[in-house]
Structures are given as structure tokens and as C-alpha cells.
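This is what each chain is made of:
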Amino acid sequence: MKSYATLLTERTGAVLKITANRPEVLNAQSRILLEELDHAFKAAVDSDEVRVIILAGAGKHFSAGHDLGSPQEMEDQKKTLLEPGFKGEYRRLWERFFENTMRWRDLPKPTIAQVQGYCIMGGMMIASACDLIVASDDALFADRAVRWGGAHVQYFSMPWDLGPRKAKEYLFTGDFITAAQAEKAGLVNRVVPRAELEEETMALAQRIAERDPFALKFAKASVNEMQDAQGWRQAMEGAFKNYMLTIPHRIELGTYGPAAREKAPKDRFGVLNKKS
């Protein structure tokens, strides 16, 4: 099994657990982490020994979202040449945060997000792309992009996960969604005590792994294809374009781009909000 710089992988029977292992930055999603995660997902799909995939986060939090400027990410940005201008930014965001997540949503094997603590912004994106979510009772979900002068995150499934009215409420306010609220709305499948999260998630995964993998593949495909027939994929692509329309506005506000990366996240919030 491949060794990763930002991930831990462990197989228990037919279940592969992939753990984002950057607890010191609340499992913020750097370029390296996302590329390694894509590789780990592909390897799991290609392995006949794996029937179910668990996605977890090490430490107190599942993920606080995209890496907005950790030392590792800033150093990597200096080494990774990107196409300049808005065209280059569009390509980077599409490939790294939208196309990736859409691909993970359609993996031909069941995926379960094991969520504790913060699951916000980019963290909520990848959890939402999983088939099931098991959350600890202290889990908190949020898309706080409006508080930064943006519309929402790149992979915007919130209206499908919560319904349109609740999606608008949480976008407009930037409030956290508790685990209990998330379960009631249908975003989360199960809420369990924090101490039992790993055990309960693995038990569910092992139970699913007992089912025929060919049947699981097409059961998942039917649900996803039904959403697509209802306009899900077209709506997701439209939402990404709306997201991109806010980028120039955010650059003007100082909440996006090189100037913003020099500020702490709370200082970026402070541009638009007296309280962050």
C-alpha cells in the first residue's frame, strides 16, 4: 500500500479507511492532500479487496476546509507554477475543487464520511460527496462563504442535501449546523457519541461490505443518475460558475488572492463582519 505525506490508510477486511492526517492545521486541504486523496480513492476503486471506503480526519476535527495559507501550502505554491490571470484561476479551481469532488461523488464503491468537530467549507464539500455521513454529536457543518463576500463553496450540493430554504438560511447567516440539525435535515445519516464514532462508522462499513459489490455499484449509480436526471449535474456546474463570478469581487474586498493570504482568516472575515 502506498505511503502518503498527508494521509493515513488502513484496511480492515473489505473496508479501507483513508484519514486526512494534518491535525495541526485542522486537516486543511492543501494541493498535496487533494492529489494524494485522489490517488488513494483511485487505488481503492482498483483494488478487488476493497468494497467500502471510509474518509476520516485525524485529531479533533474532520476538516476546516481549504488550506488558506499554512507554511506547507505557501511553500508549495512557490514551487507549483500556475497559469496566470483569471483563466488560470478558473482552471485551478475547477480541476482542484470541483472536478475532483464530482469524480469522488461518482466513485463506483460506497463511501462513508466519518465526521467529528469542524466540517466546514471544503470539509463539507468532500463529506457531502460521500454516499453516507456518520457524525459525532459535537460535529459542526457550515458554508460561510457569504461572510467572505462569496456565494458558496465550489462543489455546492447544499440545496440538495438540506433543501432550498434551509440552504438559504445557512448561507445567508453563515451559522453552524449542529450534528442534530444536520441529521434532521437529511445531510447526516447517523449521529453518535464522539467516543463511539470510529466503532460505529466501521460497523456500518463492514455491514455494507457484506453486500455484493456489483449490486452496490449499480444501486449507487441508480441514485446518482436519478439526481442527474433531475438536473443535479447541470445545477452543480451552474453553481460553480456563480462561485467564480464572486472571485473578482472578493479580490477587491481583500478576502481572496495574494493580498488575502497575508492575513489570518479572522482578519479576512473582519473585512465584512465586525464579529467573526
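Whatever comes next refers back to the structure up there.
As the structure is a prediction and not an experimental result, all values here were calculated from the model.

## Structural notes on the overall build of the protein
For step 1, the next point in the chain: Across its full length, the protein carries 13 helices and 9 strands.
For step 2, the next point in the chain: Relative to the globule expectation of 19 Å for 276 residues, the C-alpha radius of gyration of the protein, 18 Å, shows essentially globular dimensions.
For step 3, the next point in the chain: Taking the principal axes of the C-alpha coordinates as reference, the protein spans close to 55 × 40 × 40 Å.
For step 4, the next point in the chain: Buried residues in the protein amount to 49% of all 276 residues.
For step 5, the next point in the chain: Considering only contacts within the protein whose residues lie at least 6 apart along the sequence, 72% involve residues at least 24 apart.

## Overview of the packing of helix H3 (residues 85-105) against helix H4 (residues 122-129)
For step 1, the next point in the chain: For the pair H3 and H4, the least separation of the axes is 8 Å and the interaxial angle reads 30°. For the element pair H3 / H4, the angle class is roughly parallel. Contact with H3, carried on its side by Phe-97, Thr-101, Trp-104 and Arg-105, involves Met-125, Ile-126 and Ala-129 of H4 and no other residues of that element.
For step 2, the next point in the chain: Here the residues of the contact of H3 with H4 sort into 5 nonpolar, 1 polar and 1 charged.

## So, the pairing of strand E4 (residues 111-115)
For step 1, the next point in the chain: Among the 5 residues that make up E4, 5 are buried, leaving the element largely enclosed by the rest of the structure.
For step 2, the next point in the chain: Along E4, one buried face is formed by Thr-111, Ala-113 and Val-115 and the opposite face, lined by Ile-112 and Gln-114, is buried too.
For step 3, the next point in the chain: Summarising the sheet, strand E3 (residues 52-57) and E4 pair through 3 bridges and their orientation is parallel. Bridge pairing links Ile-53 to Thr-111 in E4.
For step 4, the next point in the chain: Relative to strand E6 (residues 132-136), E4 is paired through 4 bridges, and the arrangement is parallel. Opposite Ile-112, over in E6, you have Leu-132 as the bridge partner.

## Section: the sheet that holds strand E9 (residues 190-192)
For step 1, the next point in the chain: A sheet is described by the order of its strands in space; here 6 strands give the open sequence E1-E2-E3-E4-E6-E9, paired in mixed fashion. Every interior strand has two partners, whereas the edge strands, strand E1 (7-12) and E9, have only one. The average angle at which neighbouring strand axes cross in this sheet is 20°, direction not considered.
For step 2, the next point in the chain: In this structure, E1 lies alongside strand E2 (residues 15-20), joined through 6 bridges in antiparallel fashion. Residue pairing in the sheet places Thr-9 in a bridge with Ile-18 of E2.
For step 3, the next point in the chain: Sitting on the sheet, helix H1 (residues 31-46) touches E1, E2 and E3, and the angle it makes with E2 is about 180°.

## Description of the packing of H1 against H3
To describe two helices that pack against each other, one gives the angle between their axes and the distance between the axes.
For step 1, the next point in the chain: Running from N to C, H1 and H3 cross one another at 20°; their axes reach a closest spacing of 11 Å. Taken together, H1 and H3 sit at an angle that is classed as roughly parallel. Helix-helix and strand crossings are classified by hand; for H1 and H3 the assignment is left-handed. The segment H1 lies against H3, with Arg-31, Leu-34, Leu-37, Asp-38 and Phe-41 engaging Arg-96, Phe-97, Asn-100, Arg-103 and Trp-104.
For step 2, the next point in the chain: Looking at the contact of H1 with H3 residue by residue, the class counts come to 5 nonpolar, 1 polar and 4 charged.

Parameters at a glance
- Residues numbered from 1 in each chain as written.
- Predicted model: local features only at pLDDT ≥ 70, side-chain atom pairs only at ≥ 80, totals over all residues.
- Heavy atoms only, no water.
- Helix = DSSP H or I, 4+ residues; strand = E, 2+ residues; numbered from the N terminus.
- Rg over C-alpha atoms; globule rule 2.2 N^0.38 Å.
- Buried < 20%, exposed > 50% of the residue type's maximum accessible area, 1.4 Å probe, protein only.
- Contact = heavy atoms within 4.5 Å.
- Axes fitted to C-alpha atoms, helices over the stretch in contact; angles between N-to-C directions.
- Parallel < 35°, antiparallel > 145°, perpendicular 65-115°, else oblique.
- Nonpolar A, V, L, I, M, F, W, Y, C, P; charged D, E, K, R; others polar.
- Pairing = 2+ DSSP bridges.
- Left-handed = near helix turned anticlockwise from the far one by under 90°.

So yeah, pure geometry; function would need other evidence.
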